[in-house]
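Residues per chain, in single letters:
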Amino acid sequence: MDSNMKCRQCGAAMYGRADRKFCSDQCRARAGNLKKHKDAGEQLMVQVNKILRQNRLLLQRTSPEGKTTLKRSVLELAGFDFRYFTNLFRTQKGNTYYFCYDYGYLLLDDEKVLIVNRQPYMRT
(Lines give C-alpha, C1' and ligand atoms only; values in the text may rest on other atoms or scores of the structure.)
Protein backbone atom coordinates (compact mmCIF):
# COMPACT_ATOMS: atom_id res chain seq x y z
CA MET A 1 0.00 0.00 0.00
CA ASP A 2 1.27 3.42 -0.96
CA SER A 3 0.62 6.17 1.58
CA ASN A 4 1.61 8.83 -0.99
CA MET A 5 -1.69 8.51 -2.85
CA LYS A 6 -3.87 11.61 -2.62
CA CYS A 7 -7.51 12.18 -3.52
CA ARG A 8 -7.83 14.08 -6.81
CA GLN A 9 -10.70 16.12 -5.39
CA CYS A 10 -9.81 17.04 -1.79
CA GLY A 11 -6.15 16.01 -1.54
CA ALA A 12 -6.67 13.69 1.43
CA ALA A 13 -4.24 10.81 1.88
CA MET A 14 -5.62 7.49 0.62
CA TYR A 15 -4.86 3.86 1.33
CA GLY A 16 -5.97 0.75 -0.45
CA ARG A 17 -6.00 -0.09 -4.13
CA ALA A 18 -3.25 1.50 -6.19
CA ASP A 19 -5.68 2.68 -8.89
CA ARG A 20 -7.97 4.65 -6.54
CA LYS A 21 -8.52 8.25 -7.62
CA PHE A 22 -10.85 9.53 -4.92
CA CYS A 23 -11.06 9.00 -1.17
CA SER A 24 -14.87 8.67 -1.08
CA ASP A 25 -18.02 8.50 -3.17
CA GLN A 26 -18.69 12.14 -2.25
CA CYS A 27 -15.37 13.30 -3.71
CA ARG A 28 -15.90 11.19 -6.82
CA ALA A 29 -19.37 12.68 -7.34
CA ARG A 30 -18.14 16.22 -6.63
CA ALA A 31 -15.36 15.81 -9.20
CA GLY A 32 -17.83 14.54 -11.78
CA ASN A 33 -20.21 17.43 -11.13
CA LEU A 34 -17.39 19.98 -11.46
CA LYS A 35 -16.31 18.39 -14.73
CA LYS A 36 -19.88 18.64 -16.07
CA HIS A 37 -20.17 22.22 -14.85
CA LYS A 38 -17.11 23.22 -16.90
CA ASP A 39 -18.27 21.44 -20.08
CA ALA A 40 -20.05 23.79 -22.54
CA GLY A 41 -22.11 20.95 -24.03
CA GLU A 42 -23.37 19.92 -20.60
CA GLN A 43 -24.30 23.52 -19.82
CA LEU A 44 -26.25 23.75 -23.08
CA MET A 45 -28.19 20.61 -22.17
CA VAL A 46 -29.01 22.06 -18.75
CA GLN A 47 -30.28 25.28 -20.35
CA VAL A 48 -32.40 23.45 -22.95
CA ASN A 49 -33.88 21.12 -20.32
CA LYS A 50 -34.78 24.14 -18.18
CA ILE A 51 -36.64 25.72 -21.12
CA LEU A 52 -38.42 22.44 -21.92
CA ARG A 53 -39.53 22.04 -18.28
CA GLN A 54 -40.84 25.60 -18.25
CA ASN A 55 -42.70 25.06 -21.54
CA ARG A 56 -44.29 21.84 -20.24
CA LEU A 57 -45.31 23.51 -16.99
CA LEU A 58 -46.98 26.37 -18.85
CA LEU A 59 -48.86 23.96 -21.11
CA GLN A 60 -49.96 21.93 -18.09
CA ARG A 61 -51.15 25.00 -16.18
CA THR A 62 -53.07 26.47 -19.10
CA SER A 63 -54.74 23.19 -20.01
CA PRO A 64 -55.76 21.39 -16.79
CA GLU A 65 -58.66 19.61 -18.54
CA GLY A 66 -56.49 18.28 -21.36
CA LYS A 67 -57.74 20.39 -24.28
CA THR A 68 -57.76 24.19 -24.37
CA THR A 69 -57.56 26.94 -26.97
CA LEU A 70 -55.96 30.27 -26.16
CA LYS A 71 -54.08 33.12 -27.79
CA ARG A 72 -50.43 32.55 -28.58
CA SER A 73 -49.56 35.83 -26.84
CA VAL A 74 -50.80 34.44 -23.49
CA LEU A 75 -48.15 31.71 -23.61
CA GLU A 76 -45.46 34.10 -24.87
CA LEU A 77 -46.14 36.59 -22.08
CA ALA A 78 -45.87 33.75 -19.54
CA GLY A 79 -42.39 32.89 -20.89
CA PHE A 80 -43.18 30.04 -23.31
CA ASP A 81 -40.45 29.53 -25.93
CA PHE A 82 -41.91 28.11 -29.15
CA ARG A 83 -38.45 27.20 -30.48
CA TYR A 84 -38.07 24.31 -28.01
CA PHE A 85 -40.06 21.07 -28.04
CA THR A 86 -39.30 17.38 -27.59
CA ASN A 87 -41.07 15.84 -30.58
CA LEU A 88 -43.65 16.29 -33.33
CA PHE A 89 -46.84 14.46 -34.20
CA ARG A 90 -48.27 14.83 -37.72
CA THR A 91 -51.89 13.91 -38.30
CA GLN A 92 -53.26 12.29 -41.44
CA LYS A 93 -54.77 15.68 -42.31
CA GLY A 94 -51.32 17.27 -42.25
CA ASN A 95 -51.54 19.14 -38.94
CA THR A 96 -48.37 19.24 -36.85
CA TYR A 97 -48.55 19.07 -33.05
CA TYR A 98 -45.46 20.16 -31.14
CA PHE A 99 -44.90 18.34 -27.85
CA CYS A 100 -43.04 19.18 -24.67
CA TYR A 101 -43.00 15.68 -23.25
CA ASP A 102 -46.67 14.78 -22.62
CA TYR A 103 -48.28 18.15 -23.43
CA GLY A 104 -48.56 19.43 -26.97
CA TYR A 105 -49.90 22.29 -28.98
CA LEU A 106 -51.17 22.96 -32.48
CA LEU A 107 -50.71 26.40 -33.99
CA LEU A 108 -54.07 27.63 -35.27
CA ASP A 109 -55.19 30.57 -37.38
CA ASP A 110 -55.69 33.99 -35.79
CA GLU A 111 -52.62 33.56 -33.54
CA LYS A 112 -54.34 30.91 -31.42
CA VAL A 113 -52.95 27.70 -29.97
CA LEU A 114 -54.75 24.42 -29.23
CA ILE A 115 -53.18 22.69 -26.21
CA VAL A 116 -53.66 18.92 -25.82
CA ASN A 117 -52.47 16.03 -23.69
CA ARG A 118 -50.64 13.18 -25.43
CA GLN A 119 -52.98 10.37 -26.40
CA PRO A 120 -52.05 6.69 -26.91
CA TYR A 121 -52.48 6.97 -30.69
CA MET A 122 -49.90 9.78 -30.80
CA ARG A 123 -46.93 7.49 -30.17
CA THR A 124 -44.02 8.26 -32.43
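Computed from a predicted structure; not experimentally measured.

The rules we used
Residues numbered from 1 in each chain as written. Predicted model: local features only at pLDDT ≥ 70, side-chain atom pairs only at ≥ 80, totals over all residues. Heavy atoms only, no water. Helix = DSSP H or I, 4+ residues; strand = E, 2+ residues; numbered from the N terminus. Rg over C-alpha atoms; globule rule 2.2 N^0.38 Å. Buried < 20%, exposed > 50% of the residue type's maximum accessible area, 1.4 Å probe, protein only. Contact = heavy atoms within 4.5 Å. Areas by Shrake-Rupley, 256 points an atom, 1.4 Å probe, with all protein chains shown as cover. Lys, Arg positive; Asp, Glu negative; His and termini not counted. Charge placed at Lys NZ, Arg CZ, Asp CG, Glu CD. Polar contact = N/O pair within 3.5 Å; in protein donor to acceptor, adjacent residues only side chain to side chain. Salt bridge = Lys/Arg side-chain N within 4 Å of Asp/Glu carboxyl O. Expected span 1.5 Å × (residues − 1). Pairing = 2+ DSSP bridges. Axes fitted to C-alpha atoms, helices over the stretch in contact; angles between N-to-C directions.

A.B. asks: How would you explain the overall build of the protein chain if you had to name every residue and give the values?
C.D. replies: When helices and strands are tallied, the protein chain shows 3 helices and 5 strands. Tracing the protein chain from N to C terminus, the helices and strands come up as α-α-β-α-β-β-β-β. In terms of overall dimensions, the protein chain is more spread out than a globule: its C-alpha atoms have a radius of gyration of 23 Å, far above the 14 Å expected for 124 residues. Taking the principal axes of its C-alpha atoms as reference, the protein chain extends roughly 75 × 30 × 25 Å. Buried positions account for 25% of the 124 residues belonging to the protein chain. The long-range fraction of contacts in the protein chain, counting pairs at least 24 apart against all pairs at least 6 apart in sequence, stands at 38%. A total accessible area of about 9000 Å² is found for the protein chain, and carbon and sulfur atoms account for 49% of it. Each charge class in the protein chain can be summarised by its mean position, and for the 23 positive and 12 negative side chains these summaries are 5 Å apart.

A.B. asks: Give me the lowdown on the side chain of S63, citing residues and values where you can.
C.D. replies: Along the chain, S63 falls in the loop between α2 (40-62) and β1 (67-71). At a separation of 3.3 Å, a polar atom in the side chain of S63 contacts the main-chain amide nitrogen of K67. Discounting chain neighbours no more than four positions away, the residues touching S63 are T68, Y103, I115 and N117.

A.B. asks: Which residues make up the environment of D110, and what are the values?
C.D. replies: In this structure, D110 sits in the loop between β4 (103-107) and β5 (112-117). D110 gets classed as exposed once you look at its relative accessible area, which sits at 68%. Considering only alpha carbons, one finds D110 and R8, 102 residues apart in sequence, at a separation of 59 Å.

A.B. asks: Any details on the pattern of salt bridges? Residues and values, ideally.
C.D. replies: Per the counting criterion, the structure on display carries 5 salt bridges. Close ionic contact of R28 with D25 constitutes a salt bridge, the shortest N to O distance being 3.5 Å. Pair noted here: R28 and D25 are both in helix α1 (residues 25-38), with a separation of 3 residues, about one helical turn.

A.B. asks: Explain α2 to me, using residue names and the numbers behind them.
C.D. replies: Residues that lie three or four places apart on an α-helix share one face, since the helix turns once every 3.6 residues. The end-to-end C-alpha separation of α2 is 33 Å, in line with the 33 Å expected for 23 residues at 1.5 Å each. For α2, the full list of buried residues reads L52, N55, L58 and L59. The secondary structure elements touched by the buried residues of α2 are α3 (72-78), β3 (96-100), β4 and β5. Its side-chain oxygen 3.0 Å from the backbone nitrogen of G41, D39 forms the N-cap of α2.

A.B. asks: Could you give an account of the sheet that holds β3, with specific residues and numbers?
C.D. replies: A sheet is described by the order of its strands in space; here 5 strands give the open sequence β1-β5-β4-β3-β2, paired in antiparallel fashion. At either margin of the open sheet sits one strand with a lone partner, and together these are β1 and β2 (87-90). The mean inter-strand angle of the sheet, taken between neighbouring strand axes irrespective of direction, is 30 degrees. Pairing of β4 with β5, which is carried by 5 bridges, proceeds in the antiparallel orientation. Within the sheet, the bridge partner assigned to L107 lies in β5 and is V113. Taken strand by strand, α2 contacts β1, β3, β4 and β5, and its axis lies near 80 degrees from that of β4.

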